[in-house]
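Each chain, letter by letter, is given below.
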Amino acid sequence: MNYLISLAAALFLLLYVSAAQAEALRVGDSGPATDLSLKYELQHAIERGLGWLAKNQNPGGYWSQPDHPALTALVLTAYMGEPTGRMRSNPPEFIHNGYTYLLNCVKPDGGIYVRDMANYNTSVSMMALLTAANPAFEPVIRNARNFEVGLQDDFDKKGETDNVLDGGIGYGGTYKHSDMSNTMFALESLYYSRNLAQDSNEADQARELNWQAAIRFIERCQNLPGYNDQQWASDDPQNKGGFIYFPGDSKAGEMELANGRKALRSYGSISYAGLLSYIYADLKKDDPRVVAALDWLQKNYTLDENPGMGQDGLYYYYHTMAKALAACGVSELVLADGSKVDWRRELSKRLLNLQNGEGFWMNENGRWWEKDPVLVTSYAVIVLEIIYRGL
């Protein structure tokens, strides 16, 4: 059995949501003619974005930085997700060169990185290898999967979540603690590669994540008393249900509540990362933790900024938003004032308006590398592909 091809099919079904499923979930659709028109616009924008990326590949087969294969992997994932499927059926030579570069970054320990940020680079590279649907990549993905499992934190007493960082995954290497973003990337790659571990004939080499410990870490990043056992967890209306970067630390800072207590601010991009992580951990849509996360995200919905962070990480916010809402099967968001918004249409229009005349996207705010047009264009194209499949 060709496990990788069937896995890739499942990946596209789950990650991007099939058109039939999206149609069944949609409420208040404005009609197939509008969908067709918008799909033409999206296809055009996707082609322009991919065209710009094709012209900006380095001779070594990589994009942007040779020391961070994740950047190349995001480009390859964007190409392999192209809606017509032509890239998957007959990839051009420069795509082959990109995959060759990725394979050259494989380490003896199974990771896919050059020097640092081992988890981030490996996780994102695994997704690019999965979307290639190439059986030759299966051993590489399986070894990378085992490497990822080995990065899960378990401080203090082994086998117990007695440390607030237990169960999560960080950058790896010199970065000594787990965080919600890296945990999300790791869980994503493990979730979509799980069949490779289950079908392995080399049982002694197949390792599995401690998923219950991972869930515990996710809980400890959510402002939700009753599930989060940390004293800082707040149920105030402004933060309840949202997420912070890692237990005790929010990139959005803190705020003083009316009762004098200080709360760590929940913020947009990492709250979508938390929601995605729950999904990858197989929590159901009606689970109170998922419901609370989605409730915070709906109340704080905006496309003008990354809620709580301004323009910092804006395209990462769009990227995690599209993935999470599509994976959750959410077609409309119910906002704080009771109004409803079709996030696919709103987000697609936003990205269409932000695309540069040359075909790329870039954030003028450089936080988290978002002045790099390769990174941001990859994010934007992947988002548009997700939306395209949901129309």
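Conventions we followed
Residues numbered from 1 in each chain as written. Predicted model: local features only at pLDDT ≥ 70, side-chain atom pairs only at ≥ 80, totals over all residues. Heavy atoms only, no water. Helix = DSSP H or I, 4+ residues; strand = E, 2+ residues; numbered from the N terminus. Buried < 20%, exposed > 50% of the residue type's maximum accessible area, 1.4 Å probe, protein only. Contact = heavy atoms within 4.5 Å. Areas by Shrake-Rupley, 256 points an atom, 1.4 Å probe, with all protein chains shown as cover. Phe/Tyr/Trp six-rings, centres within 6.5 Å; stacked < 30°, edge-to-face > 60°. Lys NZ or Arg CZ within 6 Å of the ring centre and 35° of its normal. Axes fitted to C-alpha atoms, helices over the stretch in contact; angles between N-to-C directions. Parallel < 35°, antiparallel > 145°, perpendicular 65-115°, else oblique. Left-handed = near helix turned anticlockwise from the far one by under 90°. Nonpolar A, V, L, I, M, F, W, Y, C, P; charged D, E, K, R; others polar. Salt bridge = Lys/Arg side-chain N within 4 Å of Asp/Glu carboxyl O. Polar contact = N/O pair within 3.5 Å; in protein donor to acceptor, adjacent residues only side chain to side chain. Core = buried A, V, L, I, M, F, W, Y, C linked by side-chain atoms within 4.5 Å.

J.: What am I meant to see in the overall build of the protein here?
T.: Assigned secondary structure in the protein consists of 16 helices and six strands. With 391 residues in all, the protein has 58% of them scored as buried. Nonlocal contacts in the protein, meaning residues at least 24 apart in sequence, comprise 68% of its contacts between residues at least 6 apart. Within the structure as shown, the protein displays about 15500 Å² of accessible surface, and the carbon and sulfur contribution to it stands at 49%.

J.: How should the packing of aromatic side chains be read in this particular structure?
T.: Given two aromatic rings, their pairing is described by the distance between the two centres and the angle made by the two planes. What the rule picks out here adds up to 17 aromatic pairs. With 5.3 Å between their ring centres and 75 degrees between their planes, Tyr79 and Phe94 make a pair best called edge-to-face. Of this pair, Tyr79 sits in helix H4 (residues 69–80) while Phe94 sits in helix H6 (residues 93–104); the two residues are 15 residues apart in sequence, bridging distant segments of the chain. Here Tyr79 falls in the buried class, since its relative accessible area comes to 2%. Taken together, the ring pairs connect Tyr120, Phe185, Tyr316 and Tyr379 into an aromatic cluster. Taking the ring centre of Tyr388 as reference, the NZ or CZ of Lys39 above it sits at 4.6 Å.

J.: Would you mind going over the packing of helix H7 (residues 118–131) against helix H8 (residues 138–150) with me for this structure?
T.: When two helices pack together, their arrangement is given by the angle between the helix axes and the distance between those axes. Axis separation between H7 and H8 bottoms out at 10 Å; the angle between their running directions is 150 degrees. Between H7 and H8, the interaxial angle falls into the category roughly antiparallel. In the packing of H7 onto H8, the handedness of the crossing is left-handed. Between H7 and H8, the contacting residues are Ala118, Asn119, Thr122, Ser123, Met126, Leu129 and Leu130 on the first element and Val140, Ile141, Ala144, Arg145, Phe147 and Glu148 on the second. Considering only residue class, the contact of H7 with H8 consists of eight nonpolar, three polar and two charged.

J.: Just to check I follow, could you spell out the pattern of salt bridges for this structure?
T.: Side chains that differ in charge, positive against negative, can pair when their charged atoms come close. This structure, assessed with the given rule, holds 16 salt bridges. For Glu138, the salt bridge is made with Arg142, and the minimal N-O distance between the two is 3.0 Å. Taken together, the residues span about one helical turn, with Glu138 and Arg142 both in helix H8 at a distance of four residues. Each member of the pair, Glu138 as well as Arg142, is classed as buried. In this structure, Glu188 engages Lys323 in a salt bridge whose closest nitrogen and oxygen atoms are separated by 2.9 Å. Placement of Glu188 in helix H9 (residues 180–192) and of Lys323 in helix H14 (residues 314–328) is noted, with a sequence separation of 135 residues between them. Since its relative accessible area comes to 2%, Glu188 is described here as buried. Linked by salt bridges that have partners in common, Arg216, Glu219, Arg220, Asp229, Asp287 and Arg289 make up one network.

J.: Explanation requested: the side chain of Arg145 in the structure shown.
T.: Assignment of secondary structure puts Arg145 in helix H8. According to the relative accessible area criterion, Arg145 is buried, its value standing at 1%. Polar side-chain contacts of Arg145 include one of 3.0 Å to the side chain of Ser193. Non-local contacts of Arg145, meaning those with residues more than four positions away in its chain, are made with Met126, Leu190, Ser193, Arg194, Ala197, Arg207 and Glu208.

J.: Explain the side chain of Thr72 to me, please; I cannot follow it from the model alone.
T.: Structurally, the position occupied by Thr72 is in helix H4. With near-sequence residues (within four places) excluded, Thr72 lies in contact with Gly61, Tyr62, Trp63, Gly98 and Tyr101.

J.: Even after reading the chapter, I still don't get the packing of helix H12 (residues 268–280) against helix H13 (residues 288–299), so can you show me in this structure?
T.: Relative orientation of the contacting elements H12 and H13 amounts to 155 degrees, with a least axis distance of 10 Å. Relative to H13, the element H12 is oriented roughly antiparallel. Of the two possible hands of crossing, H12 and H13 adopt the one that is left-handed. Residues Gly268, Ser271, Tyr272, Leu275 and Tyr278 of H12 form the contact with H13, whose participating residues are Arg289, Val290, Ala293, Leu294, Trp296 and Leu297.

J.: Looking at this model, I keep getting lost on the nonpolar core. Mind explaining?
T.: Soluble globular proteins tend to pack their nonpolar side chains together in the buried interior. With 116 residues, the main nonpolar core has Tyr99, Leu275 and Leu347 as its most contacted residues. Sorting elements by how many residues they give to this core places helix H16 (residues 373–390) first, with 12 residues. Those residues in contact with Leu275, other than ones at most four positions away along the chain, are Phe243, Val290, Ala293, Leu294, Leu297, Ala324 and Cys328.

J.: What exactly am I supposed to notice about the environment of Leu42 here?
T.: Turning to its location among the elements, Leu42 is positioned in helix H3 (residues 32–55). Residues Leu42 and Ile387, spaced 345 residues apart in sequence, show a C-alpha to C-alpha distance of 8.5 Å. The residues contacting Leu42, other than those within four sequence positions of it, are Ser348, Leu352, Leu384, Ile387, Tyr388 and Leu391.

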